[in-house]
Amino acid sequence: MTTPVAVRADDVWKLYGSGEAQVTALRGVSLSLARGEFTAVMGPSGSGKSTLMHCMAGLDAVTRGEVRIGATALTGLRDRAMTRLRRDQIGFIFQQFNLLPTLSAAENIRLPLSIAGRRPDPAWWEQVIDAVGLRERLGHRPNQLSGGQQQRVACARALVPRPEVIFADEPTGNLDSRSGAEVLAFLRASVREFGQTIVMVTHDPVAAAHADRVVFLADGAIVTELRAPTAEGVLDTMKNLDRVEG
Amino acid sequence: MLHATWKSLLSRKLRLLLSGLAIVLGVTFVSGAFVLTDTLGRAFDDLYALQYRSVDVQVRPAPEGGSTEDDEEIRTGVPAGLVDRVRAVPGVAAATGIVSVDGARVIGTDGKVVTTTGSSRLGSTWTGENDLVRLRAGRAPRTGDEVVLNAALLEAAGVRLGDRVGILTVQPRRTFTVVGVQEYTGGRDSLGGNLEVSFHSSVASRLMLGRDGQFSAVGVTPAAGVPTAAVQAGIRSALGAGYRVQTGAELRAAARTDAQSDLAVVNSVLLGFAAVSLLVGVVLILNTFAILVAQRTRELALLRALGGSRRQTLASVLAEALVIGVTAAAVGLGTGIGVGALLAWLFSTQGGRTVALAGIGVPLMAPVAAFGVGVLVSLVAAVVPALRAARIPVIAAMRESATPDRPLTTLNRAGIAAGTLGAALLTAGVVGDGTAWLLGAGAVTGFVGVVLLTPAMARPVAGSIGRLFAGTAAGRLGRLNAGRNPRRTANTATALMVGIALITGMNTVLASTTASLRDRIADQITADLLIAGDASLADDPPAFDPAVLQRVRALGGVSAAAGTYRGDAAVDGERAAVAVVTDVPAHARMYSMRAVAGALTDLGPNRVAVRDDTARRLSLRPGSTVRVRLAYGGTRSMTVAAVYTGGDAVGEWLLPISEVPNLAVPQLANVDLTVAGDAAVADVRRQVEALLADSPEITVTDREGYLRRQTGQYDLIATLIQILLGLAVLIAVLGVVNTLALSVLERTRELGLVRAVGLTRGQTMWMVTVEAVLIAVFGALLGVAVGTGLGAAVVRALHRSGITTFALPWPRIGLCLALGAVIGVVAAILPAARAARTDVLRAISYE
Ligand SMILES: Nc1ncnc2c1ncn2[C@@H]1O[C@H](COP(=O)(O)OP(=O)(O)OP(=O)(O)O)[C@@H](O)[C@H]1O
Ligand SMILES: [Mg+2]
């Protein structure tokens, strides 16, 4: 049996700049994400959430420590191998500008696969399209879709290649609460029904409550975590954090 | 606001450099032309001042028609007796008969005739040393077998003092001993690159003018105290209208005019290149500004929101264009002076020419034209984008920053209208009788139509070519990118289209001309072998010993042979080319020539034949009389015996064999022969070649070789086309680089996104390359289509001049298309590398 750990960070440090202007964005973060688990990352602004995600996703190199995606250690991977890894093992959902304006929704969803020269498994494709509820909109261009629809297209794109893990940095940050709820429901469902591993950065306790586990970052380090969180529990922890910080 | 303009200029240095380069090129050609003319003009002035320094008055045969001074004269001499008549004119101290005529061809030690490019090969009488000519070594010729060569010729021929050299003149080859070497004032090897053989006075006339007792001119020295003009007037009234009497100053001015008209060709080529560059420059600058204004929509709207006026927006864009124009003009002026000086230097040293350059001349017109053109072109190009910028509403500051293209409907409508009108005019011209103005107007209107419709064609055409690349995701993305900003793609492609269209048009005309010639040769010429000189070598085609004809006839395999003599004449006061054929029936058979009135066999003393079109033009029919003057024999009345058609090899006038002695060159220009049925053409050809050992300029060809020789004169045009092609390619690369660089910058976020979801660096580069290739190939395709249309129109207009077959230059068309692809690949290198280096994190992080 393969390891149930999808992503693992071991004592990850990330320093930006040098000398006077040096910023320590991550200071010794260790984190294991189990397969099929939905993890939310929370913390005050500037606490290092995005940095941690970028490091775990291979978009940025760590200063010290090690990150593994599945069985692959990211340290020392060349650009080509790293790009392949992103293409095949990692899904991304950014806060906005997730889609290529020249491609239709369907083509955007297929993009990582077509870059790899593969076609989606038809049954899986149908299942994902149904789950995001965009069947009528597949032929539309991004500028013909609402913000929420665009984010759902991005979710489908992340999901279709069946990556080891999906990273989502504030995927609902630009959406109204109803559209946000739709996206969150979809993420939740893909964990529950398809066993997808997801890491999501968010500022919203309600969003975080959709996760199985919430990790709290402050000043570049993990301070605490909650399992099976509720919105109130998350809010309380946040308040405590702020007090500690203040 | 001006400060903001300046900052935005600095931050876009590279981009502006790229779009300004076409203007730099254009200005370079314009100012280069001025500098070349001025610099060489002075050099030639100095040369002619030297050459005519010691000439006071000169008497030469009058040009035919007698109307204007610089009418081309029939090559002939003045009788020796004229010297005494001139000497008898009051005020004349001395009169000297001289021979100095182009056409003394020395055979070098390598067995080849020494050639020049542009300058003359003079054959002269040795008239002793004077203040222009001096002996550098050896002595003057004492007999007709001795010659003096100028130092430049001695070196070019590779001979030494005392050597024997073969020289071709209007007489068959003769061998002479070199007894002296001559130089000119100031120790010059040559005057302006001219090669000169000085013969003994006993033979010069026969060798250079075709008969004894002639001079090409009489040099006059006025008596002390008598003004030149008075002597000139005196000689004029003494001699009458048959002679031209000119002062040294007039000769000098005439020589200068000749040199200027040589230069005029170079100048018009340079100005043509300038026009192409500037036209393309306008397109490139327009494109750059259009993209910049679109990208800066929000910024410009923000400035408006902060209180900037429309006028200020307009001024800021125009100011930016002005800076580009002035900078490009300054750089172009600098390079233009360099190019002009370089060309002048090449011109003055090429082909052994040694015209001393009297410093580089930069006439005032050079900077005036440079800055005028630079500023005008850049402002014209920026007007439309500037107006668009001024029309940006303040509300745009709040909108998405994307830069969607405006709808194309107006453009399309205008384009369709112009295109339809152009097509209609062209059709009318082509189907009708090829009226030139219809074709011209049609071509121009059609061209405008195509340019206007280019944006509408961009997406479908780039899309269909793009199918070739649709196999990979990167290729598909590149294809979509090529079609996403139709105006941008269209403008970039237009820059290439202009050049390729010109090239294809010219190639089409060339191909059609060659094909027409080939058809005519196949239809009309039955001669198996054609003996002739290379016409492109000199003004007068080289001729050869008439004895060759007898020997050719005597060869075993020859069934018929006819020789042709050629010469200049004045017929009823009009200059005309005439021919004499030794065996008219044989020649008529070999060239499908036949009489349409009278009979060709009816030719005889003072009985001539005329080609049908000339007969029509001059209203001549058998029995009409014309007044004919040849080089010698005076003006005589002759009767038209026949009117012929199909006399391509003869020309307008066919004279009887009795006129040969009256021609300036009493030697054969051509011999055509047919081979007897049982003999092999190659065998006969070898035997004929052996007979021509004394005439190294003359070659034997079959019909195919004849075609090649005829089309050889287009080589220069072909070379110009290649230069133009190089230029077009260079500018097109700049244009594509420019557009791609702007697009890559604009799409940073997208590039980050595709890199994040798995596009490798290589795939990213391929994506950009595909876009570039599609744009460039689209441009090349358009160019080929437009050029073929233009070529067809020109070919149609030239139908009456004998271009009757339309042929497409397929290999060259293929080359242009392939070149389009190469241009795309080359132009993509930098932008693609830049795209591949996109920092994913920076691209996806949003404020
Ligand atoms: N490229 C960079 N160079 C220098 N410092 C950086 C860079 N990127 C991030 N930082 C710093 O690292 C720290 C962590 O930043 P990060 O973006 O990870 O925070 P975050 O938790 O995602 O904040 P937010 O909730 O505002 O998105 C911050 O102090 C930030 O200023
Ligand atoms: Mg962040």
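Residues numbered from 1 in each chain as written. Chains lettered and ligands numbered in written order. Predicted model: local features only at pLDDT ≥ 70, side-chain atom pairs only at ≥ 80, totals over all residues. Heavy atoms only, no water.

The number of helices and strands found in chain B is 24 helices and 24 strands. When its C-alpha atoms are laid out on the principal axes, chain B stretches across 100 × 70 × 50 Å. Here chain B holds 847 residues, and the buried ones make up 51% of them. Residue pairs at least 24 apart in sequence account for 82% of intrachain contacts in chain B once pairs closer than 6 positions are excluded. (Helix = DSSP H or I, 4+ residues; strand = E, 2+ residues; numbered from the N terminus. Buried < 20%, exposed > 50% of the residue type's maximum accessible area, 1.4 Å probe, protein only. Contact = heavy atoms within 4.5 Å.)

Residues and elements named next belong to chain A. Ordered in space as β2-β1-β4-β5, the four strands form an open sheet in which the pairing is antiparallel. Edge positions in the sheet fall to β2 (23-34) and β5 (72-73), since each has one partner strand and no second. For strand β4 (residues 64-69) and β5, the ladder comprises two bridges, and the chain directions are antiparallel. The residue bridging I69 from the neighbouring strand is T72, located in β5. Along the sheet face, helix α1 (residues 49-56) touches β1 (5-16), β2 and β4 and points at about 60° away from the line of β2. (Pairing = 2+ DSSP bridges. Axes fitted to C-alpha atoms, helices over the stretch in contact; angles between N-to-C directions.)

What follows deals with the interface of chain A and chain B. Often, the extent of an interface is quoted as the loss of accessible area upon association of its parts. Listed as interface residues are 24 residues of chain A and, on the opposing side, 23 residues of chain B. Of the roughly 2300 Å² buried at the junction of chain A and chain B (both faces included), carbon and sulfur atoms supply 68%. Taken as a group, F97, T102 and I115 of chain A account for 25% of the area that chain A buries against chain B, more than any other trio of residues on that side. Salt-bridge contacts for R755 of chain B lead to D79 of chain A; the nearest nitrogen and oxygen are separated by 3.0 Å. Where chain A touches chain B, the interface holds five residue pairs in polar contact (both at pLDDT 80 or more). Among the secondary structure elements, those contributing two or more residues to the side of chain A that touches chain B are α2 (79-89) and α3 (105-115) of chain A. Residue composition of the side of chain A that touches chain B, by class: eleven nonpolar, seven polar and six charged. (Buried area = accessible area lost by both parts, 1.4 Å probe. Salt bridge = Lys/Arg side-chain N within 4 Å of Asp/Glu carboxyl O. Polar contact = N/O pair within 3.5 Å; in protein donor to acceptor, adjacent residues only side chain to side chain. Nonpolar A, V, L, I, M, F, W, Y, C, P; charged D, E, K, R; others polar.)

Time to look at the site of ligand 1. Residue and element names in this part refer to chain A. Inspection of the region around ligand 1 gives 13 residues, with S45, G46, K49, S50 and T51 positioned closest. One of the backbone nitrogen or oxygen atoms of S47 is found 3.3 Å away from an oxygen atom of ligand 1. Contact between ligand 1 and K49: an oxygen atom at 2.6 Å from a side-chain N or O atom of the residue. Protein chains shield 59% of the accessible area of ligand 1, which is 620 Å² for the free molecule. Elements with a contribution of two residues or more to the shell around ligand 1: β2 and α1. Element by element, the count of residues in the shell around ligand 1 is highest for α1, at three residues. Taken together, the residues of the shell around ligand 1 break down into four nonpolar, seven polar and two charged. (Near = heavy atom within 4 Å. Areas by Shrake-Rupley, 256 points an atom, 1.4 Å probe, with all protein chains shown as cover.)

Bringing the pairing of strand β17 (residues 574-581) of chain B into the picture now. Of the pairings in the sheet, the one linking strand β16 (residues 558-571) of chain B to β17 of chain B comprises eight bridges and is antiparallel in character. In the sheet register, R566 of chain B faces β17 of chain B, and the bridge partner there is A579 of chain B.

All names here are of chain B. If you check helix α10 (residues 365-390), its first and last C-alpha atoms are 35 Å apart, about what 26 residues at 1.5 Å a residue would give, namely 38 Å. Where α10 bends most, at V383, the angle is about 40°, and the proline P385 comes one to four residues later. Within the sequence span of α10, burial applies to A366, A369, A370, G374, V377, S378, A381, A382, P385, A386, A389 and A390. (Expected span 1.5 Å × (residues − 1). Bend = angle between axes of the 7 residues up to and from the residue.)

Residues and elements named next belong to chain B. For the pair helix α22 (residues 761-797) and helix α23 (residues 810-836), interaxial distance at closest approach is 6 Å and the crossing angle is 150°. By the angle between their directions, the pair α22 and α23 is classed as roughly antiparallel. α22 and α23 meet at a crossing whose hand is right-handed. Tallied by class, the residues present in the contact of α22 with α23 amount to 21 nonpolar, five polar and one charged. (Parallel < 35°, antiparallel > 145°, perpendicular 65-115°, else oblique. Left-handed = near helix turned anticlockwise from the far one by under 90°.)

Here the focus is the pattern of salt bridges. Counted by the stated rule, this structure contains 44 salt bridges over all chains. The partner of R68 of chain A in a salt bridge is E66 of chain A, with the nearest N and O atoms 3.4 Å apart. Residues D683 of chain B and R686 of chain B are paired through a salt bridge, measuring 3.4 Å at the closest nitrogen-oxygen approach. Of this pair, D683 of chain B and R686 of chain B both sit in helix α18 (residues 681-691), three residues apart, which is roughly one turn of that helix. D683 of chain B sits in the partly exposed class, given a relative accessible area of 38%.

Over its 31 residues, helix α12 (residues 436-466) of chain B runs only 39 Å from end to end, short of the ideal 45 Å by more than 12%, given 1.5 Å per residue. Along α12 of chain B, the sharpest change in direction is near 55° and occurs at M457 of chain B; proline P460 of chain B comes one to four residues later.

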